[in-house]
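This is what each chain is made of:
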Amino acid sequence: MTAVDDRATAASSADGGPRMEVGNARRRKEDAHLLTGRTTWTDNMTLPGMLHLAILRSPMAHAKITRIDASEAKSRPGVIAVFTGQDFAETQGDIPCAWPVTADMVNPGHPSLAVTQVNHVGEAVAVIVARDKAAAQDALEAVDIDYEQLPAVLDMEAALAEGADLVHPNTTSNKSYTWVFESGAAGTGQPIDDVLNAAEVTLKRRFIQQRLIPAFMEPRSTVVQPVGEGFTMWSSTQVPHILRTMLALTVGVPEHKVRVIAPDVGGGFGGKLQVTPEEVICALVARKLGKSVKYTESRSESVMSAHHGRDQIQDITITARRDGTVTGLDVHLLANMGAYLRLVSPGIPVLGAFMFNSIYKFDAYRFTCDGVFTTKTPTDAYRGAGRPEATFAIERIMDELAAELDMDPMELRRKNWIRHEEFPFTTVSGMTYDSGNYEAATDKALSLLGWDELIAEQARRRASKDPVQLGLGISTFTEMCGLAPSRVLGALSYVAGGWENAAIRVLATGKVEVITGVSGHGQGHETAWSQIVADQLGVPFEDIEVIHGDTQSAPKGMDTYGSRSLVVGGIAVVKAAEKVVEKARAIAAHMLEANPDDLDFAGGNFSVKGSPGNSKSIQDVAFATFTAHDLPDGIEPSIDSDATFDPANFSFPHGTHLCAIEVDTETGRATIRKYVCVDDIGEVINPLIVEGQVHGGLAQGIAQALYEEAVYDAEGNLTTGSFVDYLVPSAADLPSFITDRTVSASTTNPLGVKGVGEAGTIASTPAVVNAVVNALRPYGVNDIQMPCTPERIWRALSEGAEKSSPAAAGTVAHGGASTSSSDGSDAAEGGRL
């Protein structure tokens, strides 16, 4: 458990020096106003004369719009106007897609209001403008629309078949793109097919990544106020800067006339990494009427129309030698784009391309992804964005390969992973991992779980034919964090860069304002950035204010997603602070009548080397700069500074997650008994924030394994359209997690940090599913499609019973056959399951 520390920076460390803020478990600055109800959610806002919008959505998955009659709706009390897609056909443009992953990618266009055809249930077809929200909602039923129904296109493989019904009439196929990456045999140039065909062992599996719905707490909300030739938008968004640029391009307003503000934002998880139709509709209506407008979606609208995540068919081929050495990996994905390409939809599965090989040393690798249109809600980023999908596939097939070889799954992983002394290591997918120690994280996780004791218990349960079987699951993973290197993004055809900006203003009284281009929505930026700056400048934690989420007060930035905030935005803050110190150094030297090179700076004080009593604080320098009465010649009266940081590489956190699960073979119920994760995220800024991120990530990853799935019927209707049917687990459904860390500092940034926001989600899903399958493997079960509900487990047991029984299957190898220490030596001999 992390101890909370609220002492001020002025306290001293044990050796008498200034106590450092970084590493302390500070309570979050952000929480007080959230807990006391003093929040500024977008839906809380009321502007003078503001009008309210309600959006009429298609009840059909695929249909032509043959007639719209809004005359009755326009006559309803309080209604100001009704608009359809035809009203904005010439001005609404298309919802932007910023990631054309191939030169020939097909993008059929995505109007914010449908004009002639709808392509998924929930697509916007008309908007009511009224004096209050209730009047707008009531008028929706008065809009009369005729549809000509078209066949729903739901199955990806059927959608790609010759003669399939087309989602879009302006395309010749339901395929949007095919993206291929291929890396031949390392060091030989041998084609991958030769490696695959020459393999001693070949294993093929198909895994399904079910469709998920980002269940952020605050539904999306937008307020737009016309201002002169432009407008100000308040939106519950993760990406105010990107939204500003894309809105300007979409609605044809000069960018400098657009201001976007993300006030308090109630979660995102990638679900608010978007330029939404609703945001564009609000801008169009506000400009059309010259009035401020507000739209806030209902929860059912959010579930039905906000973008979804995952939804892939994964065909995986792994090859190996008989001794367990892996040789080749061939991945073919069908990725469901849904009805349209949203902001980064095509690039999400492509991100995963670099992580399927994970921590293992393959000789050859091929990745092929087909993006497919269907008449379902569009997909886009969801926590992890491509990397959870990749980690699930490789960790599942490593377990399957171990079973095929009758080999211990942990032994198989140890045999093939990158050893700590091999870093930096360039993988078969071209990524250069800078640091890591998979051995240390795994050893600690095995110890915390009590691995050997659980193996013994499992053997007893199997021998006694206990109806409640015990399964143990493994996930040893890494991920690419800090979505940033602009050159890499450019090589992948992403239209923007990945840099981040920060500015620091030192006020006359020595207080500090930090302006950051990342936009927080629960991550704890204000606290962590204050801790970083407190150490960099030697000012009290309480004297620092962090400003973000407004393109006017924080005009430069690339926002928050992909675990990039700390490893890109936080480093920009460090760089800006370093510039502040260097500017202040020249003024301090003048005040001390010394050469700048003769000054030391520590704990917020400049002192002359050899004369520590002769010093000036940074606050002294700030006031002297403000008065400007006696500055050196040629020095401007400011020590304010800004910096833009563009890293040369991603960061690569890693970890080992272990799950012990009990499966009732009579009812199919799976209950997590114990969950241990040991993550290596580099150096830690605030352990309390890290714990929160890990716990939240684990909940979402476990939810995919056991609970959540967006389901459509044969007509394309979302049957899990509310939280009555879409099962989001509560705290009562989850165990108490045992978490710990190892530290392999990143070598690519001065703080040594790696990122943590998505680790729990990425690693936990395969750990849980591997545990479920491990419990049931003696019953002939080698896979269960997620989520592993009691019904699916029961059916898998029924089908598996025809193939084998516990008595016939005996003991299946699964566990930590040998536990290696971090120096590679054998530390202990563990059991096999």
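Note that the structure is a prediction, hence the values are computed from the model and not measured.

Q: How would you sum up the overall build of the protein? Please name residues and give values.
A: A count of helical and extended segments in the protein gives 21 helices and 30 strands. Computed over its C-alpha atoms, the radius of gyration of the protein comes to 28 Å, within 12% of the 28 Å expected for a compact globule of 833 residues. Of the accessible surface of the protein, which amounts to about 30,000 Å², a share of 50% is contributed by carbon and sulfur atoms. One finds the centroid of the 69 positive side-chain charges in the protein at a distance of 2 Å from the centroid of its 105 negative side-chain charges.

Q: Would you mind going over the confidence of the model for the protein in detail, with residue names and values included?
A: On average, residues of the protein score 93 in pLDDT, and 93% of them are at 70 or above. Scored below 50 in pLDDT, residues 7-12 makes 18 contacts in the model with residues more than four places away or belonging to other chains.

Q: Talk me through the nonpolar core; I want residue IDs and the actual numbers.
A: Of all hydrophobic cores here, the largest spans 145 residues; its most connected members are Trp179, Phe356, Phe367, Tyr675 and Leu706. Shared between two domains, this core holds at least three residues of each, these being domain 2 (45-150 + 217-267 + 272-305) and domain 3 (309-483 + 649-825).

Q: Outline the packing of aromatic side chains, supporting the account with residue identities and numerical values.
A: For the structure shown, the criterion picks out 14 aromatic pairs. Ring centres of Phe601 and Phe606 lie 4.5 Å apart, and the angle between their planes is 40°; this geometry places the pair in the tilted category. Under the relative-accessibility criterion, Phe601 is labelled partly exposed at 21%. Lying over the aromatic face of Phe541, Arg26 brings its terminal NZ or CZ to 4.1 Å of the ring centre. A cation over an aromatic ring shows up here: Lys29 above the ring of Phe541, its NZ or CZ 4.6 Å from the ring centre.

Q: Tell me about the state of the cysteines, and please be specific about residues and values.
A: Going through the model one piece at a time under the given rule, you end up with 0 disulfides. Summary of cysteine pairing: Cys788 is not part of a disulfide, and the nearest cysteine sulfur, belonging to Cys659, is at 11 Å.

Q: Account for the sheet that holds strand S2 (residues 63-69), with residues named and values stated.
A: Strand order in the open sheet formed by 3 strands is S4-S2-S6, with antiparallel pairing between adjacent strands. Here the strands that pair on one side only, and so sit at the sheet edges, are strand S4 (117-118) and strand S6 (144-149). Pairing between S2 and S6: 6 bridges, direction antiparallel. Its bridge partner being in S6, Lys64 is matched across the sheet by Glu148.

Q: Quick one: what's the story with the sheet that holds strand S8 (residues 201-212), residue by residue and with numbers?
A: Strands pair in a sheet through their backbones, by hydrogen bonds, and they do so in one of two ways: parallel or antiparallel. Pairing is mixed in the open sheet, where 5 strands are placed in the order S7-S15-S14-S13-S8. Taken across any chain shown, the strands that pair with only one partner, and hence form the sheet edges, are strand S7 (175-183) and S8. Neighbour-to-neighbour, the strand axes of this sheet turn through a mean angle of 10°, independent of strand direction. Alignment of strand S14 (residues 326-338) against strand S15 (residues 364-373), held across 10 bridges, turns out to be parallel. Counterpart to Leu329 in the pairing with S15 is Tyr365.

Q: Tell me about helix H7 (residues 277-289), and please be specific about residues and values.
A: Taking 1.5 Å as the rise per residue, H7 with 13 residues should run 18 Å; its terminal C-alpha atoms sit 18 Å apart, in good agreement. With its phi angle positive at about 70°, Gly290 sits one or two positions after the end of H7.

Q: A description of the side chain of Arg413 should follow, citing residues and the corresponding values.
A: Structurally, the position occupied by Arg413 is in helix H11 (residues 409-416). With relative accessibility at 0%, the residue Arg413 sits in the buried group. Other than its neighbours up to four places away in sequence, Arg413 contacts Tyr360, Glu395, Met398, Asp399, Ile474, Thr476 and Asn770.

Q: Now, about the pairing of strand S18 (residues 468-478): what can you tell me, with residues and values included?
A: When you tally the buried positions in S18, you get 10 out of 11 residues, the bulk of the element. Where S18 meets strand S26 (residues 654-664), 11 bridges bridge the pair, whose relative direction is antiparallel. Along S26, the bridge assignment pairs Val468 with Asp664.

Q: Outline the domain arrangement of the protein, listing residues and values.
A: Segmentation of the protein into domains returns domain 1 (31-41 + 499-645), domain 2 (45-150 + 217-267 + 272-305) and domain 3 (309-483 + 649-825). Each of domain 1 and domain 2 has a C-alpha centre, and these two points are 40 Å apart. On the side of domain 2, 20 residues touch domain 1, which itself brings 19 residues to the contact. Here domain 1 meets domain 2 over a buried area of about 1,700 Å², counting both sides, of which 51% is carbon and sulfur. It is Trp41, His521 and Thr551 that lose the most area in domain 1 upon contact with domain 2, and together they represent 39% of the buried surface on that side. Inspection of the domain 1/domain 2 interface yields 1 salt bridge. By residue class, the composition of the side of domain 1 that touches domain 2 is 5 nonpolar, 11 polar and 3 charged.

Q: Can you explain the environment of Arg673? Please cite residues and give values.
A: Its location among the elements puts Arg673 in strand S27 (residues 670-680). Spatially, the C-alpha atom of Arg673 lies 35 Å from that of Leu273, the residues being 400 residues apart in sequence. Leave out the neighbours within four places in its chain, and Arg673 touches Leu454, Glu457, Arg461, Leu470, Ala660, Ile661 and Glu662. A polar atom in the side chain of Arg673 sits 3.4 Å from the side chain of Glu662.

The rules behind each value
- Each chain carries its own residue numbering, running from 1 in the direction its sequence is written.
- Only residues with pLDDT of at least 70 get local features here, since the model is predicted, and only at 80 or more are side-chain atom pairs given and counted; chain-wide, interface and lining totals rely on the full set of residues.
- Excluding hydrogens and water, the side-chain figures rest on all heavy atoms present in the structure.
- Starting at the N terminus, helices and strands are each numbered in turn, a helix being any DSSP run of H or I of at least four residues and a strand any DSSP run of E of at least two.
- Radius of gyration here uses only the C-alpha atoms, and the compact-globule reference equals 2.2 Å multiplied by the residue count raised to the power 0.38.
- Here the open area of atoms and residues is found with the Shrake-Rupley method and a 1.4 Å probe, where only the protein chains shown may cover a residue.
- His residues and chain termini do not enter the charge count, which takes Lys and Arg as positive and Asp and Glu as negative.
- We put the charge of a Lys on NZ, of an Arg on CZ, of an Asp on CG and of a Glu on CD.
- Confidence of the predictor at the level of single residues is given by pLDDT, which spans 0 to 100.
- Contacts: residue pairs with any heavy atoms within 4.5 Å of one another.
- Take the buried residues of types Ala, Val, Leu, Ile, Met, Phe, Trp, Tyr and Cys, join any two whose side-chain atoms come within 4.5 Å, and each joined set is a nonpolar core.
- Partly exposed describes any residue whose relative accessible area lies between the buried limit of under 20% and the exposed limit of over 50%, with all areas from a 1.4 Å probe on protein chains only and scaled to the type maximum.
- Note that the domain bounds were set by an automatic or database domain assignment.
- For this analysis, a ring pair means two rings from Phe, Tyr or Trp (six-membered ring only for Trp) whose centres lie within 6.5 Å, classed as stacked if their planes differ by under 30 degrees, edge-to-face if by over 60, and tilted for the remaining angles.
- By the criterion adopted, a ring carries a charge over it if an Arg CZ or a Lys NZ lies within 6 Å of its centre and within 35 degrees of its normal.
- We call a pair of cysteine sulfur atoms a disulfide when they lie within 2.5 Å.
- Any two strands between which DSSP finds at least two bridges are classified as paired.
- Orientation is described by axes fitted as lines to C-alpha atoms, over the contacting stretch for helices, and by angles from 0 to 180 degrees between their N-to-C directions.
- A helix is expected to span 1.5 Å multiplied by its residue count minus one.
- A 1.4 Å probe defines the accessible area here, and the buried area is the portion of it lost by two parts on being joined, summed over both.
- One speaks of a salt bridge when a side-chain nitrogen belonging to Lys or Arg is within 4 Å of a carboxyl oxygen belonging to Asp or Glu.
- Residue type decides the class: Asp, Glu, Lys and Arg count as charged, Ala, Val, Leu, Ile, Met, Phe, Trp, Tyr, Cys and Pro as nonpolar, and the leftover types, Gly among them, as polar.
- Polar contacts, as used here, are pairs of N or O atoms within 3.5 Å; protein pairs need one atom able to donate a hydrogen and one able to accept it. Residues neighboring in sequence count only if both atoms are side-chain atoms.

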